[in-house]
Amino acid sequence: MFPGYDHDDGLTEEQGKGRDTWDLICTGVKISILLIIWLFFTVVLIIKKPQVLEEFLVSVEPNKLYANDITSPSKAIEVKLRGRIDIDIMHDPSNATKNSSSLIVWLQHVDVVSMETSWQSELWQVYLLETVTKEMTLAKYLFQVPQMETKVQKGLQLAIATTSMHAESMIIVVNSAPINKNLGVICAIILILFLYTLVIWDILDRTLAALITTSAAIAVLGLLDARPSLRTIMSWIDIDTLMLLFGMMIMVAIFAETGAFDYIAVMSYRCSKGHAGRMMFFLCLFSAFLSAFLDNVTMVLLMVPLTIRLCEVMSLRPTSSLILIAIFTNIGGTLTPVGDPPNVILATNEFVIHHGIDFFNFTLHMLPGVLLGLIVSLILLYVMLHQKILMAKSPNQLSTGELDERMSADIRRRTEELTLRYSNRRNSRFFRPVPNFEETLAELEIRYKIRNKPLLIKCCIAIGFAIVLFFTNAVPFMKGARLPWIAVLADLLLLILANFKDMQVLLLKVEWSTLLFFASLFILTEILVVLGLIEWICAQTVSVILSVSEKYQLTVAITLVLWISAITSAFVDNIPITTMMLKLAIELDNDKSLHLPFPPLVWALAFGACFGGNGTLIGASANVVSAGLASQHGYKITFMEFLIIGFPLMISTVLVVWIYLLIAHSVFSWH
């Protein structure tokens, strides 16, 4: 018999045996398919070595031609230049003058006997900055190479000349076997569908599913002769995000030892007067408000234990309540640059800062949309409460086998008591007080108190230090106060004050599976970029915008950026999606044929990434962390349960924000 299944659900013995046989068949099929996939990427990773590109530094002198032979030429050659390239003129060559310095790059077939040029490609003109700078800018171009049908042997060369009056130096990277983007996009879509098949139907644990899919994606790159090196793969991981998550997990683990969560739960129970609906409104608004000033991951780490305590007391379904807490945390975190990781990415980008988007400007433009999103979400929450969506016959706990393997005896005992409480509860209503409110409150006040007041004071000092630095993160002269370092510095301060001596016990409370899941997602997202999926989305977006008249281009651009970022953030974590969509917004701004203002695109991207992350379980960091913490307490948030609650809320909030953005920028041109 498999863990999590028993025959106390009314099935006959024959039906139970039939279900066990079916489970055995499904398990065998699943393992067989996964073994085939494992064999695929194992063989590829053993046979295919990492791709090594030709990279060299060249110096091109005036009135002289630089030529370099290209080994193993194919039908297409990708050339990348890194140096002091003028990106503005590259995007709009009409701004170039006669005196603008540039490099002229092309490919040519040269007869190895007569050394005569028999074919020459189109010319690629790379404009250079007139001033010397240490910043290295990248530009790339894909040359198409025809196959020469002749008996005379030909050699392919990369040729470079300069229009400058002095020598120009540049780093050149030549990829003689670039990925076929059409095939790459198809492979990228298959990989995404495979990952979500594993996660949506709970075929595998989400961390293991991400690891297997990422390994298969690397193998796909290997088959396409583009396997990245281990150093490149490690560079794809967003260490800042992982540091922030790790730091806040450590802080909350110590804070939980003070008993403050239990005490706050009792106070919340007292304020709600035993009304479940009133308590949920209070918790959701409280989470949304504080998440505007603390990052949403921190808020989830603080709110999950509190919410679970209250749900157990009032016999609510903890998993559904935790989903709502994560959703409102994401909505509230959208308000400020420090409230949500996607906002941090946007607010700290140099291109965004250059367009005058600071802390105050960012918050001012986000405020109306966040308020509208909260209003719509509260209305939907009210409907859910009346429909008793948060009430279930069972608390959606982990199976007995999972509890035996992962949970302490205390958690197993608590979940057994909660199951009995659910079975004894009948016809509960959210807007009526629970029975025996006074007796339950008195019992809770005796049972749950602050256990360690000195440690609580020390925790408050560390958290206060972190909050102050979170705010100074947006101050120009405090650029070193990055969120990951703030979390780590606050942890070190707390460990010193608390004189903590057993780090091993503390590290056991860190959700390592969540950190590994995020690392895998970051790598997978970058692989999707390499395969050309994001470039394809950008190209389709630009073509749609260009298909309408200039009068409506801003409306179409806001619509596309908002909904593309929202839908993709729902199914791929919104942190890497924000990075990629920001590249799209910058490309749209640099395309001078569009004449689009940049700030509205930033607001659309921020709303789309933050609100869109509420669509699925893996759409936002707060969602994943909530699921990880819930499992530590004996509850399992499934993908489908989150989807049923989160996706309608996501669509509704994005819809009202879309209307707000169109009125504010397309009609009144607030920007």
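Colleague: Would you mind showing me how to read the sheet that holds strand β7 (residues 137–144) here?
Modeller: Sheets are built from strands paired through backbone hydrogen bonds, the pairs being either parallel or antiparallel. Here four strands make up an open sheet; going across it, the order is β1-β9-β3-β7 and the pairing antiparallel. Strand pairing shows two members of the sheet lacking a second neighbour, β1 (54–60) and β7, which therefore form its edges. The sheet shows a mean angle of 25 degrees between the axes of neighbouring strands, taken without regard to direction. The pairing of β1 with strand β9 (residues 168–175) spans seven bridges and is antiparallel. Bridge assignment links F56 to a residue of β9, and that residue is I172.

Colleague: I would appreciate a short explanation of helix α16 (residues 437–447) in the present structure.
Modeller: In an α-helix, one turn spans 3.6 residues; hence positions three or four apart end up facing the same way. Listed as buried for α16 are F437, L441 and L444. Seen along its axis, α16 keeps its buried residues to an arc of 65 degrees; they face one direction. For α16, the exposed residues lying more than 90 degrees away from the buried face are E438, E439, I446 and R447. Lining the buried residues of α16 we find α7 (260–272) and α9 (296–314).

Colleague: Looking at this structure, I do not really get the environment of T298. What am I missing?
Modeller: Its place among the elements puts T298 in helix α9. In this structure T298 comes out as buried when scored by relative accessible area, which is 4%. Remark: the alpha-carbon pair of T298 and V252, spanning 46 residues in sequence, is separated by 8.2 Å.

Colleague: Please explain the pattern of salt bridges as it appears in this structure.
Modeller: A side chain of one charge can pair with a side chain of the opposite charge when the charged atoms of the two come close. Counted according to the given criterion, the structure contains three salt bridges. K48 is the salt-bridge partner of D225, the closest N and O atoms lying 3.1 Å from each other. Highlighted residues: D225 in the loop between α4 (206–223) and α5 (230–235) and K48 in the loop between α1 (13–47) and β1, separated in sequence by 177 residues. As a salt-bridge pair, E168 and R84 come within 2.7 Å of each other at their nearest N and O atoms. Of this pair, E168 sits in strand β9 while R84 sits in the loop between β3 (76–83) and α2 (87–91), and the two are 84 residues apart along the sequence. The class for E168 is buried, based on a relative accessible area of 3%.

Colleague: For this particular structure, what's the right way to read unusual backbone geometry?
Modeller: Glycine aside, residues mostly have negative phi angles, and peptide bonds mostly take the trans form. Look at N63: it is not a glycine, yet its phi comes out positive at around 60 degrees. Within the secondary structure, N63 sits in the loop between β1 and β2 (66–69). A positive phi angle, near 60 degrees, is found at D225, a position not held by glycine. Residue class for D225 comes out partly exposed when judged on its relative accessible area of 42%.

Colleague: When you look at the packing of α9 against helix α25 (residues 621–632) in this model, what are you seeing that I'm missing?
Modeller: Closest axis-to-axis distance for the α9/α25 pair is 9 Å, and the angle between their directions is 35 degrees. For the pair α9 and α25, the crossing hand works out as right-handed. Contacts between α9 and α25 pair N296, V297, V300, L301, V304 and I308 from the former with S621, A622, V625, S626, L629 and A630 from the latter.

Colleague: Any chance you could explain a nonpolar patch on the surface here in plain terms?
Modeller: Residues I31, L35, W38, L39, V43, I46 and I47 make up a contiguous nonpolar surface patch of roughly 730 Å² in combined accessible area. Its location among the elements puts I47 in helix α1.

Colleague: Please explain the packing of helix α22 (residues 553–571) against helix α26 (residues 639–667) as it appears in this structure.
Modeller: Two quantities define a packed helix pair, namely the angle between the axes and the distance from one axis to the other. Here α22 crosses α26 at 160 degrees, and the two axes come no closer than 10 Å. By the criterion of interaxial angle, the relationship of α22 to α26 is roughly antiparallel. For α22 against α26, the interelement crossing comes out right-handed. Together, L554, T555, I558, T559, L562, W563, A566, I567, A570 and F571 of α22 and F647, M650, I651, V654, L655, V657, W658, L661, L662, H665 and S666 of α26 make up the contact between the two elements.

What counts, and where the lines are drawn
Residues numbered from 1 in each chain as written. Predicted model: local features only at pLDDT ≥ 70, side-chain atom pairs only at ≥ 80, totals over all residues. Heavy atoms only, no water. Pairing = 2+ DSSP bridges. Helix = DSSP H or I, 4+ residues; strand = E, 2+ residues; numbered from the N terminus. Axes fitted to C-alpha atoms, helices over the stretch in contact; angles between N-to-C directions. Buried < 20%, exposed > 50% of the residue type's maximum accessible area, 1.4 Å probe, protein only. Arc of directions from axis to C-beta. Contact = heavy atoms within 4.5 Å. Salt bridge = Lys/Arg side-chain N within 4 Å of Asp/Glu carboxyl O. Left-handed = near helix turned anticlockwise from the far one by under 90°. Patch = residues over 30% accessible without salt bridge, like charges linked within 9 Å, V, L, I, M, F, W, Y side chains within 5 Å. Areas by Shrake-Rupley, 256 points an atom, 1.4 Å probe, with all protein chains shown as cover. Parallel < 35°, antiparallel > 145°, perpendicular 65-115°, else oblique.

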